[in-house]
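# Geometric and topological summary
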Amino acid sequence: MIAFFLLLGATFESHNVVTTVGTGIIRGEDMTPLGAMVMMLTAALVTAANTWMKWPVSTSQLACFSVVGAALAMGAPVFWKTTIVFLCITWVGTPLMAAVLGYFFTHFTDWFRKGKSERGDKIMGYALLVACCYAAYTLGCNNTGNAVGVFFGLGMTTPMKAGFIGGIAMAIGALTWGRPILEKVGKGIVQLDLSMGVGAKAAQSITAHTAAALGFPTSMNQALIGGVGGAGGARGLKTVDMAAMKEIVISWFLTPVVAGIVSFILYSVLAYNLNIH
Amino acid sequence: MENQILVIAMVASGLFFGWTIGSHYTGATMGMAYGSGVIKSPPGGDDFDRVLLAPGSYL
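Residues numbered from 1 in each chain as written. Chains lettered and ligands numbered in written order. Predicted model: local features only at pLDDT ≥ 70, side-chain atom pairs only at ≥ 80, totals over all residues. Heavy atoms only, no water.

Tallying each qualifying case throughout the model produces five aromatic pairs over all chains. Geometrically, the ring pair formed by Phe-4 of chain A and Phe-5 of chain A is edge-to-face, given 5.1 Å between the ring centres and 80° between the ring planes. Residue class for Phe-5 of chain A comes out partly exposed when judged on its relative accessible area of 24%. Ring geometry for Phe-16 of chain B against Trp-19 of chain B: centres 6.3 Å apart, planes inclined by 20°, an arrangement best described as stacked. On the criterion of helical spacing, the pair formed by Phe-16 of chain B and Trp-19 of chain B is a turn pair, its members being three residues apart in helix α1 (residues 2-24). Residue Trp-19 of chain B is classed as partly exposed on the basis of its relative accessible area, which comes to 26%. Chaining the aromatic ring pairs together yields one cluster made of Trp-177 of chain A together with Phe-16 and Trp-19 of chain B. (Phe/Tyr/Trp six-rings, centres within 6.5 Å; stacked < 30°, edge-to-face > 60°. Buried < 20%, exposed > 50% of the residue type's maximum accessible area, 1.4 Å probe, protein only. Helix = DSSP H or I, 4+ residues; strand = E, 2+ residues; numbered from the N terminus.)

It is worth spelling out the interface of chain B and chain A at this point. Each partner contributes residues to the interface: chain B has 41 residues there, and chain A has 68 residues. Both faces combined, the contact of chain B with chain A buries some 4,700 Å², and carbon together with sulfur accounts for 76% of it. On inspection of chain B and its partner chain A, the count reaches zero salt bridges. Summed over the shared surface of chain B and chain A, the result is six residue pairs in polar contact (both at pLDDT 80 or more). Sorting the residues of the side of chain B that touches chain A by element identifies α1, α2 (26-35) and α3 (47-53) of chain B as the ones contributing at least two each. (Contact = heavy atoms within 4.5 Å. Buried area = accessible area lost by both parts, 1.4 Å probe. Salt bridge = Lys/Arg side-chain N within 4 Å of Asp/Glu carboxyl O. Polar contact = N/O pair within 3.5 Å; in protein donor to acceptor, adjacent residues only side chain to side chain.)

Next up on the list: the side chain of Thr-20 of chain B. In this structure, Thr-20 of chain B sits in helix α1. Not counting residues within four places of it along the chain, the set of residues in contact with Thr-20 of chain B comprises Ala-44, Thr-47, Ala-48 and Thr-51 of chain A.

Given a rise of 1.5 Å per residue, twelve residues ought to cover 16 Å, and the 16 Å separating the end C-alpha atoms of helix α1 (residues 2-13) of chain A matches this to within 8%. Among the residues making up α1 of chain A, those that are buried are Ile-2, Ala-3, Leu-6, Gly-9, Ala-10 and Thr-11 of chain A. (Expected span 1.5 Å × (residues − 1).)

Residues and elements named next belong to chain A. By volume, the largest pocket is sized at about 260 Å³. Gln-61, Phe-65, Cys-88, Trp-91, Val-92, Pro-95, Gln-222, Trp-252, Phe-253 and Pro-256 together form the lining of the largest pocket. Looking at the lining of the largest pocket, the elements with two or more residues in it are α4 (59-74), α5 (80-113) and α11 (242-273). Take the lining of the largest pocket: its biggest share by element is four residues, from α5. Its residues placed into classes, the lining of the largest pocket shows eight nonpolar, two polar and no charged. (1 Å grid on protein atoms, 1.4 Å probe; cavity = no way out; pocket = protein on both sides within 12 Å on 5 of 7 lines; lining within 4 Å. Points joined across faces, edges and corners; volume = space filled by probe spheres on them. Nonpolar A, V, L, I, M, F, W, Y, C, P; charged D, E, K, R; others polar.)

Glancing now at the environment of Ala-98 of chain A. All names here are of chain A. By the secondary structure assignment, Ala-98 is in helix α5. For Ala-98, a relative accessible area of 0% translates into the label buried. Once residues lying within four places of it in the same chain are set aside, the contact partners of Ala-98 are Ala-203, Thr-207, Ala-223, Gly-226 and Gly-227.

Residues and elements named next belong to chain A. A grouping of Leu-72, Trp-80, Val-257, Ile-261, Phe-264, Ile-265 and Val-269 is seen on the molecular surface, where their side chains present a nonpolar patch of about 630 Å² in accessible area. The greatest single-element share of the nonpolar patch, amounting to five residues, is contributed by α11. Within the element layout of this structure, Val-257 appears in helix α11. Take Val-257: its relative accessible area is 49%, and that puts it in the partly exposed class. (Patch = residues over 30% accessible without salt bridge, like charges linked within 9 Å, V, L, I, M, F, W, Y side chains within 5 Å. Areas by Shrake-Rupley, 256 points an atom, 1.4 Å probe, with all protein chains shown as cover.)

What follows is about the nonpolar core. Residue and element names in this part refer to chain A. Membership of the largest hydrophobic core comes to 65 residues, with the highest contact counts inside it found for Ile-26 and Met-39. At eleven residues, helix α6 (residues 117-153) tops the list of elements feeding residues into this core. Excluding anything up to four places from it in sequence, Ile-26 contacts Met-31, Met-39, Val-67, Ala-71, Pro-77, Val-78 and Phe-79. One finds Val-46, Val-57, Leu-62 and Ala-259 within the second-largest nonpolar core, a separate group that totals seven residues. (Core = buried A, V, L, I, M, F, W, Y, C linked by side-chain atoms within 4.5 Å.)

Note that Leu-274 of chain A resides in the segment after α11. Residues Leu-274 of chain A and Leu-34 of chain A lie 240 residues apart in sequence; the distance between their C-alpha atoms is 9.8 Å.

Before going further, it helps to examine helix α9 (residues 194-213) of chain A. Residues and elements named next belong to chain A. Between its first and last C-alpha, α9 extends 28 Å over 20 residues, near the 28 Å set by a 1.5 Å rise per residue. For α9, the buried fraction is high: 17 of the 20 residues fall into the buried class. Two to three positions downstream of the cap, the backbone nitrogen of Ser-195 sits 3.2 Å from a side-chain oxygen, assigning the N-cap of α9 to Asp-193. Of the residues one or two after α9, Gly-215 is the one with positive phi, at around 90°.

Pasting the structure below:
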């Protein structure tokens, strides 16, 4: 299911984010094959390390700061005032918007379920699955650009073709190594009933989808945590395991910085050895 | 020649990053259905197989 909906989103609605990552952080003409290789290799290694540690982080932040690290090593100008500042606002805004939506959606699902105990549960179960499929579609829209945006930046392909290729790679990733984070998020961070789950999931997907439609890569994980917090707020409950959250929030701040530094060092070492200036 | 190798390495790195993104966000997309027990185990399989591979056979 993840693979199917993810590929749909990647192919048909990822072009805005592909364009942002490809040409919005540094100029397209400043992008070199070595720089692009270093950016993506760094982001991939840091993401793999987080998956191995079971820390759900933002691959969008990793990708953007990998681009920044390599760009600094290349001596290429970075669009600080426009892109990076706006991306940071988006990343702060994502959990906030998801929290507000999660709060209202949970009230709505509670109202809908009133007086429909067994039938209501069944409907909510299906609604949660639909919301999860929508989240997979949104993942395709939102995160494909991080992996293949630079292909477009280098003029190698069109945004739609880049999205399709990236979508296939992501689908294979979900099918082959998705279990560690699935276990952590599904059973280790939050405890929700069906109404809250539907509210949080809808809030996450709508928030991330809106950001993708506007061309800004954002974090599905940060949107999810915001949505869960909002759903819990609607009930006056603490829904998030604070011990798990603490390590996740630390990793949110740490991993983009690590990605930027690794990207900078890796580019400098390779450029020196390959005599590329 | 060197440039061709770098382009191939770049494409491979992008696909590798795509693969890691796909695996990393499995929890953010399907984790809630998995954790809440909406998805039940099929005979001979487990919840994980069903989350990923069996559309239309839930609940």
